[in-house]
Amino acid sequence: MAFVNITSPHVVGHNSVTLMMGKVCLALVPALVALTYFFGWGYVINAVLAVSAAVFFEVIITLLRKRPILFAIKDLSAVTTALLLALAVPPFLPWWATIIGIFFAIVFIKHLFGGLGHNPFNPAMAAYALLLISFPLQMTTTWSIALTETQSLLSFGDTLTAIFKSSNIDSYTGATVLDVYKHNVAALTQNEITQNPIFGSFVANGWEWVSLMYLLGGVFLIWQKVITWHTPVSVLGGLLIMSVLFSYDADTSTSISLHFLAGSTMLGAFFIATDPVSSATSNLGKLYYGVGIGVLIYVFRTWGPNPDGFAFAVLLMNFCAPFIDHYTRPRTYGQDKATRGYKA
Amino acid sequence: MVAEYLTLLVSIILVNNFVLVQFLGLCPFMGVSNKLETAIGMGLATTFVLTLSSVLAYLVYNWLLVPLGLEFLQTISFILVIAVVVQFTEMVVKKTSPLLYRVLGIFLPLITTNCAVLGVALLNVKNNHSFIQSFLYGFGGAIGFSLVLILFSAMRERINQADVPKPFKGSAIGMITAGIMALAFLGFSGLVPA
């Protein structure tokens, strides 16, 4: 009886970058559906626009760098970046702003630093920060008002016109809930502010469902072991600590529920902060990194000029991540103590 | 009173960071940031010089130049004060840590020409800072400088391993990184009233 000689390894792992990025994109789908339901077609159009632009720029830059093109496209990292940016920016953002953001993300943030796996900053958030600084008007006035009994949504065709020709759609756009709350909290109490129809009956009309969909996607990613629990839990923990300390009174500052269920908290905690390239690597490092983001989001939202500061919080912690890694190296096998810091 | 000083510290460390917002002290920022170890040494040395020279420049200006009516000599006298403090620091570093002295090399005497050091002295005069404010301004500025220098050097160690396209290797990608960091620091703007 002859045995077939097979060399090791006998168990082949089936994980790949493509699979991982694919799962991230899949986990974003419920949120995209919820966003489209509550805020109209803008998100879908932005997503399609951003993904095609990202693939286009990825092809161009890999051509310039003389790298295999198909290899760069098929890992889906450009698609993931584009999707994240499209979900983070306002739905009626003019088309050229989206293109500029994607160009910056793919060419400057990703490929100038050496492509996927080398970028020290999160491409989607760096692009978001760039857009917010460069085009503050377009980035704050093109948010869609959520669907209610009295408020209808723009049709698909009108949304296209709004994005590509910047037609007047004032009756469909408005400030975000975080913005409204922040600017009225000095004069009004919580009850008075939430009379505004954009807050709906629960927390923030539409946004709470979108946030729950992000949460759902995030739990899916943890279940699939694409991300670990450390980063999202510490981001939310950092935000919780800060909001319990400073926002316990919803009549004087943005309420805790709004901090968690409005804006980009859930998107950021589960999809952006967990970026395996630009975040800290060790589990302990991820905890520091996440808490830093959570605290900074609160600081930017409460004391900064912008209603939401997730992009800046993530960029600043990206900036700290290599330093955190230096001081949070795990113990290597066979050693009694971990070697940490620069003296190693 | 305490809140006012705290605001000044936050302002100079984060909101008006010397390197990333006011673009002062860029030469050591780009020059000594290739290794974390030297960056920490440089950060400590600059913190010492900046704090001491900020205080001394205040004393020289308010106790010497103003009574004599020689305010127009401020730039020259500040440079003199700074040069003295740097010489002193150089001697201290040489005696206490010869290794660091060798590693820092030319950049140690070059603290004299670090525009952040002269910048602090001149900004103190311009903003009519009191003695304690001058001290905090110098100290906070130095902390902000060291903070971004150390974080930047840790990041550059990582970037130097990366597959950066050839035209962007070295200082070029360092400049781009610094630009993105300045973008991130813009998030702090408006955090404290100007």
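Every value quoted in this text rests on a predicted model; they were computed, and no experiment measured them.

A. The overall build of chain B, seen in detail. When you go through chain B residue by residue, the secondary structure sums to eight helices and zero strands. Counting helices and strands in the order they occur from the N terminus, chain B gives α-α-α-α-α-α-α-α. Its C-alpha atoms give chain B a radius of gyration of 17 Å, near enough to 16 Å, the size a compact globule of 194 residues would have. Dimensions of chain B, computed from C-alpha atoms along their principal axes, come out at roughly 60 × 45 × 30 Å. The buried share of chain B, taken over its 194 residues, is 51%. A separation of at least 24 residues holds for 76% of the contacts in chain B among residues at least 6 apart in sequence. Of the roughly 9,000 Å² of accessible surface on chain B, a fraction of 72% belongs to carbon and sulfur atoms.

B. Here's a closer look at the overall build of chain A. Along the backbone of chain A there are 16 helices and zero strands. Counting only C-alpha atoms, chain A reaches 80 × 45 × 45 Å along its principal axes. Split into buried and exposed, the 344 residues of chain A put 54% on the buried side. Considering only intrachain contacts with a sequence separation of at least 6, the fraction spanning at least 24 residues in chain A is 75%.

C. Just unusual backbone geometry, in detail. A positive phi angle, close to 55°, is found at Lys-66 of chain A, a residue other than glycine. Among the structural elements, Lys-66 of chain A can be located in the loop between α2 (42-64) and α3 (69-74). Residue classification places Lys-66 of chain A among the exposed residues on the basis of a relative accessible area of 74%. One non-glycine residue, Phe-23 of chain B, adopts positive backbone phi at about 55°. Take Phe-23 of chain B: it is sitting in the loop between α1 (2-15) and α2 (26-31).

D. Layout of the packing of aromatic side chains. Residue and element names in this part refer to chain A. Under the definition given, this model contains 28 aromatic pairs over all chains. Taking 6.3 Å as the distance between ring centres and 20° as the angle between the ring planes, the aromatic pair formed by Trp-95 and Phe-164 counts as stacked. Highlighted residues: Trp-95 in helix α5 (residues 95-111) and Phe-164 in helix α8 (residues 156-165), separated in sequence by 69 residues. Of the residues examined, Trp-95 reaches a relative accessible area of 35% and is grouped as partly exposed. On the basis of relative accessibility, which here comes to 38%, the residue Phe-164 falls in the partly exposed class. The interplanar angle of 25° and the centroid separation of 6.1 Å between the aromatic rings of Phe-246 and Tyr-298 together place this pair among those described as stacked. Of this pair, Phe-246 sits in helix α12 (residues 230-246) while Tyr-298 is found in helix α15 (residues 283-303), placing the two residues 52 residues apart along the sequence. For Phe-246, a relative accessible area of 42% corresponds to the partly exposed category. On the basis of relative accessible area, Tyr-298 is assigned to the buried category, the value being 1%. Members of the aromatic cluster, connected to one another through ring pairs, are Phe-56, Phe-57, Phe-103, Phe-104 and Phe-108.

E. Structural context of the nonpolar core. By size, the foremost hydrophobic cluster in this structure holds 155 residues, and its most contacted members are Tyr-128, Tyr-214, Phe-271, Ile-293 and Phe-319 of chain A together with Phe-29 of chain B. Here this core gets twelve residues from one element, more than from any other, and that element is helix α16 (residues 310-327) of chain A. Counting only domains with at least three residues in this core, you end up with domain 1 (17-145 + 154-174) and domain 2 (177-328) of chain A. Setting aside residues up to four positions removed in sequence, Phe-271 of chain A forms contacts with Val-24, Ala-27, Leu-28, Leu-84, Tyr-214, Gly-217, Gly-218, Leu-221 and Met-266 of chain A. Counting six residues, the second-largest nonpolar core is a separate cluster that includes Ala-57, Tyr-61, Leu-65 and Ala-121 of chain B.

F. Focus on the interface of chain A and chain B. Taken residue by residue, the interface counts 35 residues in chain A and 32 residues in chain B. Overall, the association of chain A and chain B removes approximately 2,900 Å² of surface from exposure, summing both partners, and the carbon and sulfur fraction of that is 79%. For the interface between chain A and chain B, the tally reads three salt bridges. A salt bridge links Arg-65 of chain A to Asp-163 of chain B, with the nearest nitrogen and oxygen atoms 3.3 Å apart. Summed over the shared surface of chain A and chain B, the result is four residue pairs in polar contact (both at pLDDT 80 or more). For the side of chain A that touches chain B, the elements supplying multiple residues, two or more each, are α5, α6 (123-134), α15 and α16 of chain A. The element contributing the most residues to the side of chain A that touches chain B is α16 of chain A, with eleven residues. In terms of residue class, the side of chain A that touches chain B is made up of 25 nonpolar, seven polar and three charged.

G. Up close: the environment of Ile-73 of chain A. In this fold, Ile-73 of chain A is placed in helix α3. Spatially, the C-alpha atom of Ile-73 of chain A lies 9.5 Å from that of Phe-56 of chain A, the residues being 17 residues apart in sequence.

H. Quick peek at the domain arrangement of chain A. All names here are of chain A. Here chain A is described as being made up of domain 1 (17-145 + 154-174) and domain 2 (177-328). Using C-alpha coordinates to define each centre, domain 1 is positioned 21 Å away from domain 2. Between domain 1 and domain 2, roughly 2,500 Å² of surface is buried when both sides are summed, and carbon and sulfur atoms account for 82% of that area. It is Lys-23, Asn-122 and Met-125 that lose the most area in domain 1 upon contact with domain 2, and together they represent 20% of the buried surface on that side. Across the domain 1-domain 2 interface, the total number found is zero salt bridges.

I. Fine view of the pattern of salt bridges. Counting across every chain of the model gives four salt bridges over all chains. Among the salt bridges present, the one from Arg-158 of chain B reaches Asp-325 of chain A, with a minimum N-O distance of 2.4 Å. On the criterion of chain membership, the pair formed by Arg-158 of chain B in helix α7 (residues 131-161) and Asp-325 of chain A in helix α16 is interchain, its members lying in two chains. Classification of Asp-325 of chain A by relative accessible area gives buried; the value is 11%.

Here is what the cut-offs are and how they apply
Residues numbered from 1 in each chain as written. Chains lettered and ligands numbered in written order. Predicted model: local features only at pLDDT ≥ 70, side-chain atom pairs only at ≥ 80, totals over all residues. Heavy atoms only, no water. Helix = DSSP H or I, 4+ residues; strand = E, 2+ residues; numbered from the N terminus. Rg over C-alpha atoms; globule rule 2.2 N^0.38 Å. Buried < 20%, exposed > 50% of the residue type's maximum accessible area, 1.4 Å probe, protein only. Contact = heavy atoms within 4.5 Å. Areas by Shrake-Rupley, 256 points an atom, 1.4 Å probe, with all protein chains shown as cover. Phe/Tyr/Trp six-rings, centres within 6.5 Å; stacked < 30°, edge-to-face > 60°. Core = buried A, V, L, I, M, F, W, Y, C linked by side-chain atoms within 4.5 Å. Domains from an automatic or database assignment. Buried area = accessible area lost by both parts, 1.4 Å probe. Salt bridge = Lys/Arg side-chain N within 4 Å of Asp/Glu carboxyl O. Polar contact = N/O pair within 3.5 Å; in protein donor to acceptor, adjacent residues only side chain to side chain. Nonpolar A, V, L, I, M, F, W, Y, C, P; charged D, E, K, R; others polar.

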